[in-house]
Amino acid sequence: MEILDDEPEEIDDPEAAKPEDWDDEEDSEWEAPKIDNPKCETAPGCGEWKRPLKKNSAYKGKWHAPLIDNPNYKGIWKPQDIPNPDFFEIEKPDFEPIAAIGIEIWTMQDGILFDNILIAGDEKVAESYRRSVWKPKFEVEKEKQKAEEAATGLSDGSH
């Protein structure tokens, strides 16, 4: 008996023909319908042999450790609260004002600048700063960039 490990189980139907009104651009590439490989009928089968899986009537699913009652369980662990006579909290910390911020960025580009960094605890202060300081400067920089693009001929033509 011949072993057909490399034979496919199905082959293209040799009697099938591409329809006359088939357009490859509209209908995509035509593929013949598949039929059972006739060589496989005389052989014990085609393709790589795989051991068949047997039904296991005793299988109950994936095993999980059974949960049993633990009378000593006290809940999720958390550190014990103990009194600390040296604990104190400062209402108004006396810090020096922040004079500078350092940002280190590793990049291969030149000309990256950062400015207008604001540290605030109030969203209204940040919005006021954005309107009064950042927005006017942004508009000026945007116009300057458009002028530079127009001067170098790199404008995208969306004026």
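Look a little higher up for the structure.
Notes on the structure follow. (Residues numbered from 1 in each chain as written. Predicted model: local features only at pLDDT ≥ 70, side-chain atom pairs only at ≥ 80, totals over all residues. Heavy atoms only, no water.)

## Regarding the pattern of salt bridges
Under the definition given, this model contains 5 salt bridges. Two residues, aspartate 12 and lysine 34, come together in a salt bridge whose shortest N-O distance is 2.9 Å. Placement of the pair is aspartate 12 in strand β1 (residues 10–12) and lysine 34 in strand β2 (residues 34–36), with a sequence separation of 22 residues. The exposed category is assigned to lysine 34, whose relative accessible area is 52%. The partner of aspartate 24 in a salt bridge is lysine 18, with the nearest N and O atoms 3.2 Å apart. The exposure class assigned to aspartate 24 is partly exposed, which follows from its relative accessible area of 38%. For lysine 18, a relative accessible area of 41% gives the class partly exposed. It is possible to trace a salt-bridge network through shared partners that takes in Glu127, Arg130 and Arg131. (Salt bridge = Lys/Arg side-chain N within 4 Å of Asp/Glu carboxyl O. Helix = DSSP H or I, 4+ residues; strand = E, 2+ residues; numbered from the N terminus. Buried < 20%, exposed > 50% of the residue type's maximum accessible area, 1.4 Å probe, protein only.)

## Description of the layout of surface pockets
Rolling a probe over the atoms, with the probe sized like a water molecule, indicates the empty space that remains. Taken as a whole, the largest pocket encloses approximately 220 Å³ of empty space. In terms of lining, the largest pocket is formed by Leu113, Phe114, Asp115, Asn116, Trp134, Lys137, Phe138 and Glu141. By residue class, the composition of the lining of the largest pocket is 4 nonpolar, 1 polar and 3 charged. (1 Å grid on protein atoms, 1.4 Å probe; cavity = no way out; pocket = protein on both sides within 12 Å on 5 of 7 lines; lining within 4 Å. Points joined across faces, edges and corners; volume = space filled by probe spheres on them. Nonpolar A, V, L, I, M, F, W, Y, C, P; charged D, E, K, R; others polar.)

## Some thoughts on unusual backbone geometry
Within the chain, serine 28 stands out as a residue other than glycine whose phi angle is a positive 70°. Note that serine 28 resides in the loop between α1 (24–27) and β2. Classification of serine 28 as partly exposed rests on a relative accessible area of 43%.

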